[in-house]
Amino acid sequence: MRRLALALAVLLAPALAPACEPARAPEPAPATAPSGPATDAGPAPSPFAGAEARASESIPGADDEAAAAPVLVQHAVVLTATGQRFDPGYVLMENGRIAAVGTGDGPGARGGAVVDAHGKIVTPGIIDPHSHIGVYPVPETSAHDDGNELTDPVTAGLRAEHSFWPQDPAIERAVAGGVTTIGVLPGSGNLIGGRGFTVHLLPRLGARAMRFPGAPSILKMACGENPKRIYGDMKRAPSTRMGSVRATREAFVRAQKYMRDWDDWSSKHARAPGATETKADAGHDDKPPDRDLGLETLALALRGEALVEWHCYQADDMLAAMQVAREFGFKVRAFHHALEAYKIRDVLAREGVGIATWDDWWGFKMEAYDGIPENLALFTEAGGRAALHSDSPVAIQILNQAAAKALAAGRAAGVKLDENDALRWLTANPAWVLGIDDQVGTLEAGKRADLVVWSEDPLSVYAHADLVYIDGKLVFDRAHPGAPWSDFELGSRP
């Protein structure tokens, strides 16, 4: 009864912020990653570009594979997540991309395979923007506990990629649930936990080979109960919310100086050959500033070259985080968990800040107490970009059912939603949260061929992912599951 009363109060009362709620925008225009300060000549070149490129290099030849053969999926109901529905429809995949999608039988597979999907539903692959698969693998043991470096509240120099275990059995289980891409994040024990990375769930031997091509860098931050509890128990700062905000601001103050030092050094070394040395250049030391991996990561966020994904539950914590972002000139891409987003949905929508949240998780700690199942629906109604996430190796297997529950809760509260809204919570919107919506999230010609053939309506509790394609390759076939992906499970299952 308490949750019902709370939901009704939210629906009937004006939003908490003074601004009026904007009209709902069912199909928000794609947004790009935030950019740093620019001049008429455009943004200055990043002084960190070379170091970033070297730190991201793959071992030549590692996990190389041939392009996928053409595949035509036809006679299905095709839900594109753009608002278009083709019944019956087809999707043609060639060279790892969607070559065509539309009504009818399609143009033929051009020498490849033809899949008759009569009576089935085709959707884009599900994208989970908040996962700890690989850094907290299954089985859960202390030996596998690699998601939180709980030795300092600010560990911006860490990368989840360096903890990721590609043999995690949870990866195959996620794919069996229709998931094709995940955002892997460090845990939320630190104020600034380090870098996450976006993973394409093609089985590979190394984490770097599983990175989603071209995905931007991610900075994982956290606020609220987790950091203050962990470091308060250690009798060190931060032990309060005010201590957490201070430590976060101090970290960005240091990052601003670091960025200025590098920009100054780079501009002096960018002088054209033969140009006259200025008085300011006289006596300039050719030695670059000392590198600091943590400050370098924060500088990328300040420059708009890393997407800031911030773990926050309460509305006041989200507002405080946005004040810090405004103070230092960077943009929050999305708040994760965000159980009280409905309280400030007009503010978040106006600022272009998305959310990644659950369908109906609530009450497991104080800052989760005001969670309501209408959160996704209300945020969508306000014109915001709402995405579903799992934060769990179990919940990731049934994200389609989570979307169905959130859709039902919203409709019961009087919010006008349709199947496309629910599908976008799983596909297009999480793709935007991770900065890859130009490549995946909808079924459109030219995008990567990540799609799922469902046994029936994916919003049904009875639905199964029958076929899962990533980059046009069949990676899961429910009728012919094959050997386990993980060597860890060899001999332990039929």
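For the structure given in this document, a descriptive report is provided here. (Residues numbered from 1 in each chain as written. Predicted model: local features only at pLDDT ≥ 70, side-chain atom pairs only at ≥ 80, totals over all residues. Heavy atoms only, no water.)

**Focus: the packing of aromatic side chains**
- In total, this model carries 16 aromatic pairs according to the counting rule given.
- Ring plane angle 35 degrees and centroid distance 5.8 Å describe the contact between Phe252 and Phe328, whose orientation is recorded as tilted. Of the two residues, Phe252 is situated in helix α5 (residues 241–269) and Phe328 in helix α7 (residues 315–328); the sequence distance between them amounts to 76 residues.
- You can call Phe328 buried: its relative accessible area is 8%.
- Relative to Trp358, the ring of Tyr313 has its centre 6.2 Å away and its plane inclined at 40 degrees; by these criteria the two rings are tilted. Residue Tyr313 is found in the loop between β12 (306–312) and α7, and its partner Trp358 is found in the loop between β14 (354–357) and α9 (375–381); the two are separated by 45 residues along the sequence.
- By relative accessible area, which is 3% here, Tyr313 ends up buried.
- Aromatic rings pair up to connect Phe252, Trp310, Phe328, Phe330 and Phe335 into one cluster.
- Here the guanidinium or amino end of Arg333 rests over the ring plane of Trp432, the centre of that ring lying 3.9 Å away.
- For the cation-ring pair, Arg448 lies above Phe212, with the distance from its terminal atom to the ring centre recorded as 5.5 Å. (Phe/Tyr/Trp six-rings, centres within 6.5 Å; stacked < 30°, edge-to-face > 60°. Helix = DSSP H or I, 4+ residues; strand = E, 2+ residues; numbered from the N terminus. Buried < 20%, exposed > 50% of the residue type's maximum accessible area, 1.4 Å probe, protein only. Lys NZ or Arg CZ within 6 Å of the ring centre and 35° of its normal.)

**Section: the nonpolar core**
- In terms of nonpolar packing, the biggest core is built from 92 residues, with Ile192, Leu201, Trp310, Phe335, Leu348 and Trp425 touching the most fellow members.
- At 8 residues, the largest contribution of residues to this core is made by α5.
- The residues touching Leu348, leaving out its near neighbours within four places in the chain, are Met318, Met322, Phe335, Ala341, Val353, Ile355 and Phe379.
- In terms of nonpolar packing, the next biggest core, distinct from the first, is built from 17 residues, Val71, Phe86, Val122 and Val453 among them. (Core = buried A, V, L, I, M, F, W, Y, C linked by side-chain atoms within 4.5 Å. Contact = heavy atoms within 4.5 Å.)

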